[in-house]
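Residue-level structural notes
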Amino acid sequence: MIGIGIDTGGTYTDAVIYDLENKQILESAKSLTTKSRLETGITNVLEKLSQTALQSASFMALSTTLATNACVEGKGGRAKLVFIGVNPGTVDETYLSYGLPPSREIYFMDGDPADALRPEIKPDWVKFRQDIRTCFTDCDSIAVVQIHPKDNGAAYEKTALQIITEELDVPCITGYELFHDLNVLRRGASALLNARLMPVMKEFFKAIKVSLKNLGLSLPIVIVRSDGSLMSQGFASTRPVETLLCGPAASVMGGVELADEENALIVDMGGTTSDIAIVKNHTPVTVREGIQIGIYKTFVKGLYVDTFGLGGDSAIRYENGRLYLDTERVIPLCTLSSQFPGVLAQLEELNQTGKPHSHFLHEFFVLMKEPRNKSSYTQVELDFCSALSDGPLIFTKAAAAIHKDTYNFSMKRLEQEGIVMRSGLTPTDIMHIRKDYTPFDRKASVLGAEFIARSVEITADRLTDKVYHLVKKKLYCNLVRILLSDHNSTKHKHLNPDMLNSLIEESYEDAVTHETSSFFSTQFQTHATLIGVGAPIHIFLEDVAKLLGTKAVIPRNAAVANALGAVVGNVSASYDVEIKPLYDSSDLTGYQVFTRSGCLSFKDYDAARETAIEEALDGARSEAYQRGAVGQITTSYESSISEAAIGENNLFLGEMIVGHAIGRIISL
């Protein structure tokens, strides 16, 4: 059985043709990701593979860091969150800790289902229908989340969804169909993020369809989920939040496949982010709670992958004479100059002045795509896009194009929405300057480095040393942070982050300089192997491994580990059903089982548990089929009982039944 694996990352698109039976990579290729036209990059990489092998493939599996990168960079579609039964004041007190917008950007309505302790508060559906006609007109997508959905089977969310569907031509997702977890704020953040990612994934799948058509291929399409399992294209279109970290998850699966290490840290450095996963006893560690990326706390369950802003395309910037690596991804100057010959002349003109500057005058603005709904943008924004239509403009020329000076020039919204992107000096450029990696225009990298070096008053050679030092330091510090958290997560949560970071940074400097006190050493060590995947990681990981007292392994096909990991997996799904006791004073009077359709009451525990198990298995089986499983599904369940000690007795607080289902994504 032959499968095609593709990973569309922020910088490169990788592809492999894989023999699943013999576990052998038959061919692999790499091409630049074209963010304005994704299908171009995908077509380019597929064209580098043997057409005979492509035609023999039975399916195509995809992984992508696009959703993850959108979170890190704060990009995505314009989405609106509807909260039913949530207090705006509660949101204002906590929104930053969940990644929610402030309450003024959220639509609130009253509503709370009845239970044994409270009467029902019915939503005003007439007012809601009127409001969405005026308040939601500029939305790309909508998320609806209600409080206490288990008590009425999320009936309010379903009604709101029906009204939105009738009134507006925009996609809508409800929180309870995504996640059954209780925390309404975290569920809201997860659902809103899902809505923001819908346009991102829509564009991605459109690109895949065009690429396959151009190559005369007709194959089933599957995509990697956050836990390394697979799902159908249709399912991923409505639940794009479940693709969060699917690129890193695929790299974990690929790393495990490529390197036979019992205990390891898999380090995947891409263009925008670096991702670190933990492998113990040959098995990737999974998250205890939902995945968190940047400011977003979600209920997405998946492999443990820690993502932070460090990649080959991280912007090198400066402030008050100090260099730093920004989390923002920019197009490397060497790459841009290879695509647009006029870039070099603009950089040369900048350097002819011989002057430093506090602003990043070496950076360019690049039009990635035309605005879709032009009425949603200001005339200045539209004029700016028009000015960039003939090619990238360096900072001063870009400002002048809309009659702004250097100090009052900003196109933040266009950048956040991915319409305009910056190009600047990056670690990839430094690799070109040092001749560690030189496929693009090295001269553009040199000119950009000369400007920054002049602005921070150091030599260009010293700048390249400092950047490599910053990359290794960021890798080391994040590896230590992750190891400490894994060693004792409870204590780690209560440590002061600033003090901890200061200690880790001190340990890095001590390790680099080999300085230790006769009484105390701050150095950290691990026996876990560092497995490097991703194109640039081999330049940095061996030195970092030595600082941690371990070894680094760079597998032969490390550069395409994500694409390989995409074809290794099946469909897996879980479904939770809760049993809660009913007490009258101190007497147990019955049980509640929270099902998909609502809350069921039972007098007998065995009957309640039998229903809960049946519901959990049916829910998991149904979820697996929704994700694209075909044929026979294997099911199982596990249970956990919650009790409280009351004197010499235990008080029953409830039981959680978790159903599991595993199946094939296609008939292999």
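It should be noted that the structure appears before, not after, this text.
Residues numbered from 1 in each chain as written. Predicted model: local features only at pLDDT ≥ 70, side-chain atom pairs only at ≥ 80, totals over all residues. Heavy atoms only, no water.

**Notes on a negative patch on the surface**
A surface patch of negative charge is lined by Asp604, Asp606, Glu610 and Glu614. Along the chain, the position of Glu610 falls in helix H23 (residues 605–626). (Patch = residues over 30% accessible without salt bridge, like charges linked within 9 Å, V, L, I, M, F, W, Y side chains within 5 Å. Areas by Shrake-Rupley, 256 points an atom, 1.4 Å probe, with all protein chains shown as cover. Salt bridge = Lys/Arg side-chain N within 4 Å of Asp/Glu carboxyl O. Lys, Arg positive; Asp, Glu negative; His and termini not counted. Charge placed at Lys NZ, Arg CZ, Asp CG, Glu CD. Helix = DSSP H or I, 4+ residues; strand = E, 2+ residues; numbered from the N terminus.)

**Structural notes on the side chain of Thr43**
Tracing the chain through its elements places Thr43 in helix H1 (residues 38–47). In terms of polar contacts, Thr43 uses its side chain to reach the side chain of Ser211, at 3.1 Å. Residues within four places of Thr43 in sequence aside, it is in contact with Ser211 and Asn214. (Polar contact = N/O pair within 3.5 Å; in protein donor to acceptor, adjacent residues only side chain to side chain. Contact = heavy atoms within 4.5 Å.)

**Some words on the packing of helix H3 (residues 66–73) against helix H8 (residues 184–215)**
Close contact between H3 and H8 brings their axes to 10 Å; oriented N to C, the two are set at 130°. Comparing their axes, H8 and H3 come out oblique. At the point where H3 passes H8, the crossing takes the right-handed sense. Contact residues: H3 offers Leu66, Ala67, Ala70 and Cys71, while H8 offers Leu193, Leu197, Val200 and Phe204. Counted by class, the contact of H3 with H8 contains eight nonpolar, no polar and no charged residues. (Axes fitted to C-alpha atoms, helices over the stretch in contact; angles between N-to-C directions. Parallel < 35°, antiparallel > 145°, perpendicular 65-115°, else oblique. Left-handed = near helix turned anticlockwise from the far one by under 90°. Nonpolar A, V, L, I, M, F, W, Y, C, P; charged D, E, K, R; others polar.)

**Some remarks on the sheet that holds strand E3 (residues 24–32)**
Reading across from one edge, E3-E2-E1-E4-E9-E10 is the order of the six strands in this open sheet, with mixed pairing throughout. Since the sheet does not close on itself, it has two edges, and those belong to E3 and strand E10 (230–232), each with one partner. The mean angle between the axes of side-by-side strands here comes to 25°, regardless of whether they run parallel or antiparallel. When strand E2 (residues 12–19) meets E3, the two strands line up antiparallel, connected through eight bridges. From the neighbouring strand, Val16 faces E3, where its bridge partner is Ser28. Set on the sheet, helix H10 (residues 246–258) makes contact with strand E1 (2–8), E2, strand E4 (59–64) and strand E9 (221–224); between it and E4 the angle comes to about 115°. (Pairing = 2+ DSSP bridges.)

**Here we look at the environment of Met411**
Looking at the element boundaries, Met411 is found in the loop between helix H14 (395–401) and helix H15 (412–416). Among the residues examined, Met411 registers a relative accessible area of 8% and is labelled buried. Linking Met411 and Phe365, residues 46 residues apart in sequence, is a C-alpha distance of 9.5 Å. Among residues more than four places away in sequence, those in contact with Met411 are Val380, Glu381, Phe384 and Ile402. (Buried < 20%, exposed > 50% of the residue type's maximum accessible area, 1.4 Å probe, protein only.)

**Side note on the pattern of salt bridges**
This structure, assessed with the given rule, holds 36 salt bridges. Here Arg239 makes a salt bridge to Glu242, at a shortest N to O gap of 3.3 Å. For the pair shown, Arg239 and Glu242 are each scored as buried. Two residues, Asp313 and Arg329, come together in a salt bridge whose shortest N-O distance is 3.3 Å.

**Overview of the pairing of strand E18 (residues 322–329)**
Pairing geometry for strand E17 (residues 314–319) and E18, over five bridges, is antiparallel. Within the sheet, the bridge partner assigned to Glu319 lies in E18 and is Arg322. Counting the residues between successive antiparallel strands, the hairpin from E17 to E18 contains two residues, one of them, Asn320, with a positive phi of roughly 55°.

**Focus: H23**
In this model, H23 (22 residues) spans 31 Å end to end at C-alpha, consistent with the 32 Å of a helix rising 1.5 Å per residue. Every buried residue of H23 is accounted for by Ala608, Ala612, Ile613, Glu615, Ala616, Leu617, Gly619, Ala620, Glu623 and Ala624. Buried residues in H23 make contact with helix H9 (233–238), strand E25 (571–584), strand E26 (587–595), strand E27 (598–602), strand E28 (630–646) and strand E29 (649–664). Its side-chain oxygen placed 3.2 Å from the backbone nitrogen of Asp606, Asp604 serves as the N-cap of H23. Following H23 by one or two positions, Gly628 has its phi on the positive side, about 115°. (Expected span 1.5 Å × (residues − 1).)

**A look at the sheet that holds strand E5 (residues 79–84)**
Read across the sheet, four strands follow the order E6-E5-E7-E8 without closing on themselves; strand pairing throughout is parallel. If you trace the sheet from one side to the other, it starts and ends with strand E6 (107–109) and strand E8 (172–174), each paired once. Neighbour-to-neighbour, the strand axes of the sheet open up by a mean angle of 20°, direction not taken into account. As judged from the six bridges shared by E5 and strand E7 (residues 141–146), these two strands associate in the parallel manner. The residue bridging Ile84 from the neighbouring strand is Gln146, located in E7. Against the sheet, helix H6 (residues 155–167) touches E5, E7 and E8, its axis set at about 155° to E7. Strands in contact with H8 are E5, E7 and E8; relative to E7, the strand with the most contacts, it is inclined by about 165°.

The analysis is restricted to geometry; functional conclusions fall outside its scope.
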